[in-house]
Amino acid sequence: MSKIMNKKFIYTAPFMEEMIDTATNLYRLGWDERNGGNISYLLQEDEIKAYLDITNMKRVVEVNFDASELAGRYFIVTGSGKYFKNIKEHPEINLGIIRITEEGNQYEILWGFENGGVATSELPTHLMNHIQRLKVDQNHRVIMHCHATNLIAMTFTHSLIEEDMTKTLWEMCTECIVVFPEGIGVIPWIVPGTTEIGEATADKMKDVRLVLWPHHGIFGAGTTMDETFGLIETAEKAAQVYTTVCAQGGKKQTITDHQLMELATAFQVVPREGVLFRKGN
Ligand code: 2HA
Ligand code: ZN
């Protein structure tokens, strides 16, 4: 009997099911058209070992920045140019399990990316965000990017100042300040797939788990797949309400800053400084 035969069927792995379900949900919500969006999920070696022979490496791919802080770490990640729509039917083509090499300048493909695929074009941003989030939260596991429609739309019509964007999103749904009290980060428009956009996003991820890319989409970070998806979903819902409020002719009343403070107190969260009780608001 080969070692492989003792392994459980990888499609039944909880991390695989979470990845497939989440990508499929994101597609159905219309936030990952064509090859839009990408997810990476940090896995523990023990989690993988039950399903995979981790000594059996298929291919090695270059990483174009220093990822040595993640040396030896494993991720399940979506593929470059792959469509979220197709993940459920063919996870072995559209997803891959990778391990960052000791030098941090390459990754090894242990499973998936059949037909010669590689990890998402946004891998630099994902890895830089993982490095950053692990520094501030040792339970951090997930980075998720998607093209959430109303959040993108707001980057055309709304102020891109983080405090303004945060305030509007908090105001649109009562639960927002509880779900992301640290607010939302916004970077300038930058060409996607570059280390420059990765660095700008990771810099924001020191303080926030949501970073908006103007005219492109959103990045979210979290400790579980559900939490990360829920974070993006909550911000996008607020953006959808904003769109609807604008379409209905604008606000006649709102959640006041005092009420937002009441919420923060009731749910024991600390709202980002500089958002509430600003002059001229
Ligand atoms: O993977 O969404 O930002 C396709 C993208 C790039
Ligand atoms: Zn994108």
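- By the naming in an unreviewed UniProt entry, the protein chain goes by Rhamnulose-1-phosphate aldolase and is assigned to Metabacillus endolithicus.
- Its UniProt record gives the protein chain a comment under Sequence similarities (unreviewed entry), which states: "Belongs to the aldolase class II family. RhaD subfamily."
- Annotation of the protein chain in UniProt includes, under Catalytic activity (unreviewed entry), the sentence "L-rhamnulose 1-phosphate = (S)-lactaldehyde + dihydroxyacetone phosphate".

### Considerations on the UniProt feature "active site" (unreviewed entry) in the protein chain
Moving on, step 1. In the numbering adopted here, UniProt assigns the feature "active site" (unreviewed entry) to Glu122.
Moving on, step 2. One can find Glu122 in the loop between strand 5 (106–112) and helix 4 (123–136).
Moving on, step 3. Residue contacts for Glu122: discarding those within four places in its chain leaves Asn38, Pro192, Gly193, Ile197, Trp213, His216 and Phe219.

### Details of the packing of helix 4 against helix 8 (residues 195–204)
Moving on, step 1. Put simply, helix 4 and helix 8 touch, their axes get as near as 8 Å, and they point 25° apart. As judged from the angle between their axes, helix 4 and helix 8 are roughly parallel. With respect to the hand of their crossing, helix 4 and helix 8 are arranged in right-handed fashion. Every residue of helix 8 that contacts helix 4 at Pro124, Thr125, Met128, Asn129 and Gln132 is listed here: Thr195, Ile197, Gly198, Glu199, Thr201 and Ala202.

### Examining the coordination of the zinc ion (ligand 2)
Moving on, step 1. Distances from the zinc ion (ligand 2) to its protein donors, His145 (NE2), His147 (NE2) and His216 (NE2), fall within 2.0 to 2.1 Å.
Moving on, step 2. The sequence motif formed by the donor residues of the zinc ion (ligand 2) is H-x1-H-x68-H.
Moving on, step 3. For His145, a relative accessible area of 1% puts it in the buried group.

### Concerning the sheet that holds strand 1 (residues 38–43)
Moving on, step 1. An order of 2-5-4-3-1-6-9-8-7 is seen for the nine strands of this open sheet, with the pairing classed as mixed. With one partner strand each, in any of the chains shown, strand 2 (59–62) and strand 7 (185–186) form the two edges of the open sheet.
Moving on, step 2. Across five bridges, the pairing between strand 4 (residues 95–100) and strand 5 is antiparallel. Residue pairing across strands places Ile100 opposite Tyr107, the latter belonging to strand 5.
Moving on, step 3. Across the face of the sheet, helix 8 comes into contact with strand 7, strand 8 (210–213) and strand 9 (217–222) while running at roughly 145° to strand 8.

Rules and cut-offs
Residues numbered from 1 in each chain as written. Chains lettered and ligands numbered in written order. Predicted model: local features only at pLDDT ≥ 70, side-chain atom pairs only at ≥ 80, totals over all residues. Heavy atoms only, no water. UniProt positions renumbered as here; feature names shortened; annotations may be inferred. Helix = DSSP H or I, 4+ residues; strand = E, 2+ residues; numbered from the N terminus. Contact = heavy atoms within 4.5 Å. Axes fitted to C-alpha atoms, helices over the stretch in contact; angles between N-to-C directions. Parallel < 35°, antiparallel > 145°, perpendicular 65-115°, else oblique. Left-handed = near helix turned anticlockwise from the far one by under 90°. Donors = N, O, S within 2.8 Å, 3.2 Å for Na, K, Ca; no water. Buried < 20%, exposed > 50% of the residue type's maximum accessible area, 1.4 Å probe, protein only. Pairing = 2+ DSSP bridges.

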